[in-house]
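Now for the letters of each chain:
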Amino acid sequence: MLEISHLKEFLDTPKRIVITTHPKPDGDAMGSSLGLYNYLIQKGHQTQVITPTDYPNFLHWMPNNSEVIVFTEEVEKSKSLVAQADIIFCLDFNSLSRIYEMGDLVRESNAKKVLIDHHLEPEGFEDFRLWNTGACATAHLVYEFIVDVMGDRELLNKDIASCLYTGIMTDTGSFRFRSTTERVHQIVADLIAAGADNTLIHQLVYDDFSLSRLRFLGHCLLNKLEVLPEYNTAIIVITKEELEQFDVNTGDTEGIVNYALSISGIRLAALIIERQDVVKLSLRSTGDFPANEICKKYFSGGGHKNASGGISNEKIDAVREKFNVILPEYKSLLVK
Ligand code: 5GP
Ligand code: MN
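Throughout, residues of each chain are indexed from 1 in the direction in which the sequence is written. Following the order in which they are written, the chains are lettered starting with A and the ligands numbered starting with 1. This being a predicted model, a pLDDT of at least 70 is required before a residue's local features are given, and a value of 80 or more before pairs of side-chain atoms are given or counted; all residues contribute to the totals for chains, interfaces and linings. Derived side-chain values reflect all non-hydrogen atoms in the structure, with water molecules and hydrogen atoms excluded from consideration.

**Some thoughts on the pattern of salt bridges**
Criterion for a salt bridge: a side-chain nitrogen of Lys or Arg within 4 Å of a carboxyl oxygen of Asp or Glu. In this structure the tally under the stated criterion is 15 salt bridges. Ionic pairing is found between Glu 126 and Arg 129, a salt bridge with its closest N-O pair at 2.5 Å. Of the charged contacts in the structure, one is a salt bridge between Glu 329 and Lys 297, with a shortest N-O distance of 2.4 Å. With Glu 329 in helix α13 (residues 316–329) and Lys 297 in helix α12 (residues 291–298), this residue pair connects regions lying 32 residues apart in the sequence. Judged by relative accessible area, which is 38%, Glu 329 ranks as partly exposed. Each of Glu 144, Asp 148 and Arg 183 takes part in one network of salt bridges that share partners. Runs of E in the DSSP output that reach at least two residues are strands. Runs of H or I that reach at least four are helices, and both are numbered from the N terminus. Classification of residues uses two cut-offs on accessible area relative to the type maximum, computed with a 1.4 Å probe and protein chains only: under 20% is buried, over 50% is exposed, and between them is partly exposed.

Structure follows, in structure tokens:
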């Protein structure tokens, strides 16, 4: 594996580049991918962002979003782009198994693979790595890639800045998580200087709810929120039928788990959703409680200490019942 600085030379001449990220991309996944895209096209590279799945509408405003292709919607085109690429950038995920079928294609491609990520324990499939678990967002690392590694601060335009601002804003919970250091504020200041319209971006991402999304949130909080005071834990379980009943779209469930965590004294919050063929879990925690450990041990997942996720092939009731075993195991950490 080579230091990322070696990539500078490799990028001296025009290349065919694919950028990909994790399934159901969030603000950081799309912000870092499109931020990097808007930079690489300025450098004359033939660049394509391919997402493994679709992503929320509130991210579709980002500059050059119309150029993105979704793997599940354009399988053959995606396959050929990945196979013919000189370089594949993998952003905001740490293992090829995370991107399903695309993972095998990336592995088989002769392209140089570049990992830019801030998750724990990268698998190590890449040729070049820009990896820092202390980074607040992958967009933070893309900023450092452009400015520090490539030395291209003067290419940081409004399009790039708007995308990277979105990534940092969403992954830091609007600049409030502990990862939001002085350095992060300096980067954000520079992004605003480069043209990111911070007020507008907050509106585009956070004030673009459909009525059904808001009603669904109300349903979750009123009817579905279960609080277990003896474990300082709150759980929300959502079935397939409820997703249909409230016409829930991609991205509509984002942020719901944070409401459960916002209850005074709650240290662990879990959102359990019955998707088409799998049950998806989102866990959030406060302080040093390792939510990612639960995801790794019980739900084939992982992530950050305070924000992690996983899946289960069991029935949704069985997944909920699993917490009756898990919570006693972690009681001393949850009630201390
Ligand atoms: P979310 O709950 O927003 O879907 O995900 C929060 C974080 O958990 C993500 O940034 C990612 O680090 C991690 N994560 C979510 N789902 C999975 C998963 O299925 N596997 C792994 N390894 N990590 C996940
Ligand atoms: Mn991220």
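There's plenty left to go through after this.
**Remarks on the nonpolar core**
Note on terminology: a nonpolar core comprises buried Ala, Val, Leu, Ile, Met, Phe, Trp, Tyr and Cys residues joined through side-chain atoms within 4.5 Å. Ranked by internal contacts, the top residues of the largest apolar core, which has 54 residues, are Phe 89, Phe 145, Ile 168 and Leu 191. No other element matches the eight residues that helix α5 (residues 138–149) contributes to this core. The contact definition used throughout considers only heavy atoms, calling two residues in contact when any of these lie within 4.5 Å. Discounting residues that sit within four places of it in the chain, Leu 191 has contacts with Tyr 143, Leu 156, Ala 161, Leu 164, Tyr 165, Ile 168 and Ala 196. Counting 22 residues, the second-largest nonpolar core is a separate cluster that includes Ile 235, Ile 272, Phe 299 and Leu 327.

**Here we look at the domain arrangement of the chain**
Taken domain by domain, the chain consists of domain 1 (4–206) and domain 2 (211–334). Where each domain starts and ends follows an automatic or database-derived domain assignment. Using only C-alpha atoms to locate each centre, domain 1 and domain 2 end up separated by 27 Å. Counting from both sides, the interface comprises ten residues of domain 1 and, opposite them, eight residues of domain 2. Buried area: the sum, over both parts, of the accessible surface (1.4 Å probe) that disappears when the two are put together. The contact between domain 1 and domain 2 buries some 770 Å² in all, and 52% of this surface belongs to carbon and sulfur atoms. When the area that domain 1 buries against domain 2 is broken down by residue, the three leading residues are Pro 56, Phe 58 and Leu 120, summing to 41%. On the surface where domain 1 and domain 2 come into contact, there are one salt bridge. One salt bridge connects Lys 296 with Glu 121, and the closest N-O pair in it is separated by 2.9 Å.

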